[in-house]
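Summary of structural features
As a plain string of letters, each chain reads:
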Amino acid sequence: MNRRKSIFAAGLATTLSALALTVGVGAAPAQAAGSGGAAALAGTVDCDGWVHNNNPDHGIAGCKNNTDRTITFRAEIVCGWAPDVSGQWVTLAPGQYSESSGVCAVYSSGVGSVGWTIQ
């Protein structure tokens, strides 16, 4: 039980770092433009990661593309006691939302964290 919590804490720190980089990079142009409200969200990709409610080995990342260009992303799942897995690449046009997911091996201790890679 303690090992799983340690893996989760390490994965959570990685996910939060990636989120901070994603939000930080996207927020700079909006602040420079001096816009507020909905315009402040323009140019960002909003993502969230979670573990499936009924399967602790299934990690999911969902992203919404708030930019003016097409992006591609995939889920990056940290698996305890098993190799990490990557979800399928998903392409999003501006304004679209979708999800990418992956399942840890049967012998893993479950999903430690869910992150994402954006291209």
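Shown above is the structure to which this text applies.
The notes below deal with the structure included here. (Residues numbered from 1 in each chain as written. Predicted model: local features only at pLDDT ≥ 70, side-chain atom pairs only at ≥ 80, totals over all residues. Heavy atoms only, no water.)

A word on the overall build of the protein chain. The helix and strand tally for the protein chain stands at 1 helix and 7 strands. Listing every helix and strand of the protein chain by position from the N terminus yields α-β-β-β-β-β-β-β. Burial statistics for the protein chain: of 119 residues in total, 34% are counted as buried. Pairs at least 24 apart in sequence give 60% of the contacts found in the protein chain among residues at least 6 apart. As displayed, the protein chain has an accessible area near 6,800 Å², and 58% of this comes from carbon and sulfur atoms. (Helix = DSSP H or I, 4+ residues; strand = E, 2+ residues; numbered from the N terminus. Buried < 20%, exposed > 50% of the residue type's maximum accessible area, 1.4 Å probe, protein only. Contact = heavy atoms within 4.5 Å. Areas by Shrake-Rupley, 256 points an atom, 1.4 Å probe, with all protein chains shown as cover.)

With a phi close to 60°, Trp81 is a non-glycine residue in the positive phi region. Checked against the element boundaries, Trp81 lands in the loop between β3 (71–80) and β4 (85–86).

On to the sheet that holds strand β2 (residues 58–65). Strand order in the open sheet made by the 3 strands is β1-β2-β6, with antiparallel pairing throughout. Edge positions in the sheet fall to β1 (45–51) and β6 (97–103), since each of these pairs with one other strand and no more. Across this sheet, the average inter-strand angle for adjacent strands is 15°, counted without regard to direction. Note that β1 and β2 share 7 bridges and pair antiparallel. Each bridged residue has a counterpart across the sheet, and for Val45 the counterpart in β2 is Asn65. (Pairing = 2+ DSSP bridges. Axes fitted to C-alpha atoms, helices over the stretch in contact; angles between N-to-C directions.)

Read these as layout, nothing more, since geometry by itself doesn't imply function.
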